[in-house]
Amino acid sequence: MRWILLPLMLFACVPVSGADPIARRLIGAKVIYDLPQGLEGPPDSQTWAADGTTVFDGGPGPFGGIDRGRWEMRLGRYCADFSTPPRPKAEWACWRVSLSDDGQRIHFVEIKKGLIVLFQREYHGRFVD
């Protein structure tokens, strides 16, 4: 019985990033996010690296700037943390992600914890790589 459980336990420890189609699309990519309707100016963008780091560029201005964070895929969900110091992985924000049929657009919808779903964040963007 132990010999059956050992491979299963080892498989559970393997990061899912490499096998996940969303992760494969994000690694090395840059996404330019759509501006909310009625807003003008430079759009936000984000890049992802295979080492689990990500850079979000919020552009110039008082609410802009560069944020560096960490990311990973967990059972098909995109999870990330941009806090300093980094939070434990259990506290990262997670998102449902979908790609367009041609793989050129991406859509993130925040997964809220608990009963509060007000102010759910959602982002749409296009790949520029």
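What counts and how
Residues numbered from 1 in each chain as written. Predicted model: local features only at pLDDT ≥ 70, side-chain atom pairs only at ≥ 80, totals over all residues. Heavy atoms only, no water. Disulfide = S-S within 2.5 Å. Helix = DSSP H or I, 4+ residues; strand = E, 2+ residues; numbered from the N terminus. Buried < 20%, exposed > 50% of the residue type's maximum accessible area, 1.4 Å probe, protein only. Salt bridge = Lys/Arg side-chain N within 4 Å of Asp/Glu carboxyl O. Pairing = 2+ DSSP bridges. Polar contact = N/O pair within 3.5 Å; in protein donor to acceptor, adjacent residues only side chain to side chain. Contact = heavy atoms within 4.5 Å.

Q: Looking at this structure, how should I read the state of the cysteines?
A: Put plainly, a disulfide is one covalent bond tying together the sulfur atoms of two cysteines. Taken as a whole and judged by the stated rule, the model has 1 disulfide. There is a disulfide in this structure between cysteine 79 and cysteine 94, and the S-S distance comes to 2.1 Å. Judged by the sign of its S-S torsion, about 105°, the cystine formed by cysteine 79 and cysteine 94 is right-handed. You can see cysteine 79 sitting in strand S5 (residues 77-81) and its partner cysteine 94 sitting in strand S6 (residues 93-99), a full 15 residues away along the chain. Here cysteine 79 matches cysteine 94 in class, with each residue buried.

Q: In this structure, what is going on with the pattern of salt bridges? I would like to understand it.
A: Where charged atoms from two side chains of opposite charge approach closely, those side chains can pair. Enumeration over the complete set of coordinates arrives at 7 salt bridges. Ionic pairing is found between arginine 70 and aspartate 81, a salt bridge with its closest N-O pair at 3.7 Å. Of the two residues, arginine 70 is situated in strand S4 (residues 66-74) and aspartate 81 in strand S5; the sequence distance between them amounts to 11 residues. Relative accessible area serves as the criterion here: at 3%, aspartate 81 is assigned to the buried category. Within this structure, Arg70, Asp81 and Arg87 form a network of salt bridges that share partners.

Q: Where do I start with the pairing of strand S7 (residues 105-111) in this structure?
A: In the sheet, S6 pairs with S7 via 6 bridges, with the strands oriented antiparallel. Within S7, the position partnered with serine 98 by the bridge is histidine 107. Where S6 folds back on S7, the antiparallel hairpin that results is connected by 5 residues, among which glycine 103 adopts a positive phi of roughly 75°. Bridge count for S7 against strand S8 (residues 122-127) is 5 bridges, and the pairing is antiparallel. Note that in S8 the partner of histidine 107 across the bridge is histidine 124.

Q: Looking at this structure, how should I read the side chain of threonine 54?
A: Within the element layout of this structure, threonine 54 appears in strand S3 (residues 53-57). Overall, threonine 54 belongs to the buried group, its relative accessible area being 2%. Separated by 2.7 Å, the side chain of threonine 54 and the backbone oxygen of threonine 47 make a polar contact. Non-local contacts of threonine 54, meaning those with residues more than four positions away in its chain, are made with Gln46, Thr47, Trp48, Asp67, Arg68, Gly69, Arg70, Trp71, Tyr78 and Phe82.

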